[in-house]
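# Summary of the model geometry
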Amino acid sequence: MYLVKSISRFPRNTLDCLKYVLELKELGIGVTFEKENIDSLDAKGEVLLTILSSLAQDESRSISENATWGIRKKFERGEIRVNTTKFVGYDKGEDGNLVINPQQAKIVRRIFRDFLQGETPESIARSLKEEGVTGWNGKANWYPTTIQRMLQNEKYMGDALLQKTYTVDFLTKKRSENQGQVNQYYIEGNHEAIINKEDWDLVQLEVERRNQYRQDNHINFYIIQCEQNPFTCKVFCKECGGLFGRKNWTTSRGKRPVWQCNNRYKVKGIQGCTNRHIDEETLQQAFLRAIEILRENKEKLQEKWDNFNEEQKLEKYHAAKLKETLNSNQEEFNGRKMCQVLEKISLGEDGSTSIKFLEGTEVNL
């Protein structure tokens, strides 16, 4: 015999309640509901159980709807509810609103800065892990999806978008992304910002640019390794439009890094694209040569940059980075610096090389 305080403490779904009671009954186990004075082994108990369990389910629905109504009324008044347990950068203040956690805020600013300087969520997460930087749980567990969500979380610029998700079913408590099913509420200047609005807008534009870059170049990923492999996802074939991949050829002098069109051998042993390979050192020299050409034409470049309109915020940002590179005296190749200014390199079978920079300028070699 199982003793239950009331039907409302048993599964509040009518079907589940009857299902479990019948399964136990077949095993000779009874369920007694103290409040309703119902014994499942009694012949009359099953009928009463059906009626009362339905009422319990409806009561559960009513409580859920009332709670949801109360929460949404708070949203309408601009009162926010944020779980700060897993929220890097903020703690909950005495009034229940968000207050900056100074140590965690440094991590947030670093993530936004590194992203604008050419890093990807994958490389940022890897760097934080390798350096042992701890997150909300005190552990150095960082994932690209976590970084991506942080980069697009409006709360870091002091605003709050309420009801991003909603409860689909009050019984299962399943939640789903809100795509217009229920009202959303946007509160500007709700709390102190960690990221200023200008940098926030730049990051959103850069996210859009990278998404468009993937679509335009027909690639499923955009993973840049500014230190170890800065040409990843940046070298393309003029002949077939394919992405170039890095290969390590073994020679008498050791490993020799070369780049080759990924469509050259789509089927093992059968040659596809006929574009030739290129040494990584040659790519580096091509980039440095393009920088020299831009240095020689800085006045024309400046005229172009001066004509950028107010809507070209991202182009202005990339132009400022390119200007820094041109004004520096550095002559050796630097992968991290390259990632900040280079969009792509296109290679032709005839040996032609086109280098396009993030602010829009293209150099043909």
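Structural notes, computed from the coordinates. (Residues numbered from 1 in each chain as written. Predicted model: local features only at pLDDT ≥ 70, side-chain atom pairs only at ≥ 80, totals over all residues. Heavy atoms only, no water.)

## A look at the sheet that holds strand 1 (residues 2–4)
How we decide: Criterion used throughout: strands pair if DSSP finds at least two bridges between them. Strands are runs of DSSP state E lasting at least 2 residues, helices are runs of H or I lasting at least 4, and numbering of each runs from the N terminus.
Read across the sheet, 3 strands follow the order 1-2-3 without closing on themselves; strand pairing throughout is mixed. Bordering the open sheet on either side are strand 1 and strand 3 (38–39), each of which pairs with just one other strand. Judged from the 3 bridges that link them, strand 1 and strand 2 (residues 31–33) form a sheet pairing that is parallel. The partner of Leu3 across the bridge, within strand 2, is Thr32.

## Re the sheet that holds strand 16 (residues 362–364)
Sheet strands pair by backbone hydrogen bonding; their relative direction is either parallel or antiparallel. Operational definition: For every element, the axis is a line fit to its C-alpha atoms; helices are fit only across the contacting stretch, and the angle between N-to-C directions ranges from 0 to 180 degrees. When checking whether two residues touch, look at their non-hydrogen atoms; a contact exists if any pair is within 4.5 Å.
A sheet is described by the order of its strands in space; here 4 strands give the open sequence 10-14-15-16, paired in mixed fashion. What marks the edges here is a single partner per strand, and that holds for strand 10 (235–237) and strand 16. Taking each pair of neighbouring strands and ignoring which way they run, the sheet shows an average axis angle of 20°. Direction of pairing for strand 15 (residues 353–357) relative to strand 16: antiparallel, over a ladder of 3 bridges. Counted as the bridge partner of Ile355 is Val363 from strand 16. Against the sheet, helix 6 (residues 197–217) makes contact with strand 10 and strand 14 (342–347), and its axis sits at roughly 10° relative to strand 14, the strand it touches most.

## Details of the packing of aromatic side chains
Where we set the bar: By convention, a stacked pair of Phe, Tyr or Trp rings (six-membered ring in the case of Trp) has centres within 6.5 Å and planes under 30 degrees apart, an edge-to-face pair has planes over 60 apart, and any other such pair is tilted. Think of it in three bands: with a 1.4 Å probe and only protein chains considered, a residue is buried below 20% of the maximum accessible area for its type, exposed above 50%, and partly exposed in between.
Scanning the entire structure with this criterion turns up 11 aromatic pairs. Where Phe87 meets Tyr156, the ring centres are 5.4 Å apart and the plane angle is 50°; that geometry is what we call tilted. On the criterion of sequence distance, the pair formed by Phe87 in the loop between helix 2 (45–76) and strand 4 (90–92) and Tyr156 in the loop between helix 5 (144–151) and strand 6 (160–162) is long-range, its members being 69 residues apart. Judged by relative accessible area, which is 1%, Tyr156 ranks as buried. On the numbers, 6.1 Å between centres and 90° between planes, the contact of Phe287 with Phe333 is edge-to-face.

## Regarding the packing of helix 3 (residues 102–116) against helix 4 (residues 121–130)
The condition that has to hold: Angle categories are assigned with fixed cut-offs, so that under 35 degrees is roughly parallel, over 145 is roughly antiparallel, 65 to 115 is roughly perpendicular, and the rest are oblique. Each crossing is labelled by how the near helix is turned from the far one, with a counterclockwise turn of less than a right angle marking it left-handed and a clockwise turn marking it right-handed.
At their nearest, the axes of helix 3 and helix 4 sit 10 Å apart, and the two run at 135° to each other. On the basis of their axis angle, the class for helix 3 and helix 4 is oblique. With respect to the hand of their crossing, helix 3 and helix 4 are arranged in right-handed fashion. Here Arg110, Ile111, Asp114 and Phe115 of helix 3 lie close against helix 4, whose contacting residues are Pro121, Ile124, Ser127 and Leu128.

## Topic: the environment of Asp91
How we decide: Distance and chemistry together define a polar contact, namely a pair of N or O atoms within 3.5 Å, with one atom able to donate a hydrogen and the other to accept it when in protein, and with adjacent residues in sequence counting only for side-chain atoms on both sides.
Mapping Asp91 onto the fold places it in strand 4. Once the C-alpha coordinates of Asp91 and Asn101 are considered, the two residues, 10 residues apart in sequence, prove to be 6.0 Å apart. Reaching out from Asp91, the side chain makes a polar contact with the side chain of Asn101 at a distance of 3.2 Å.

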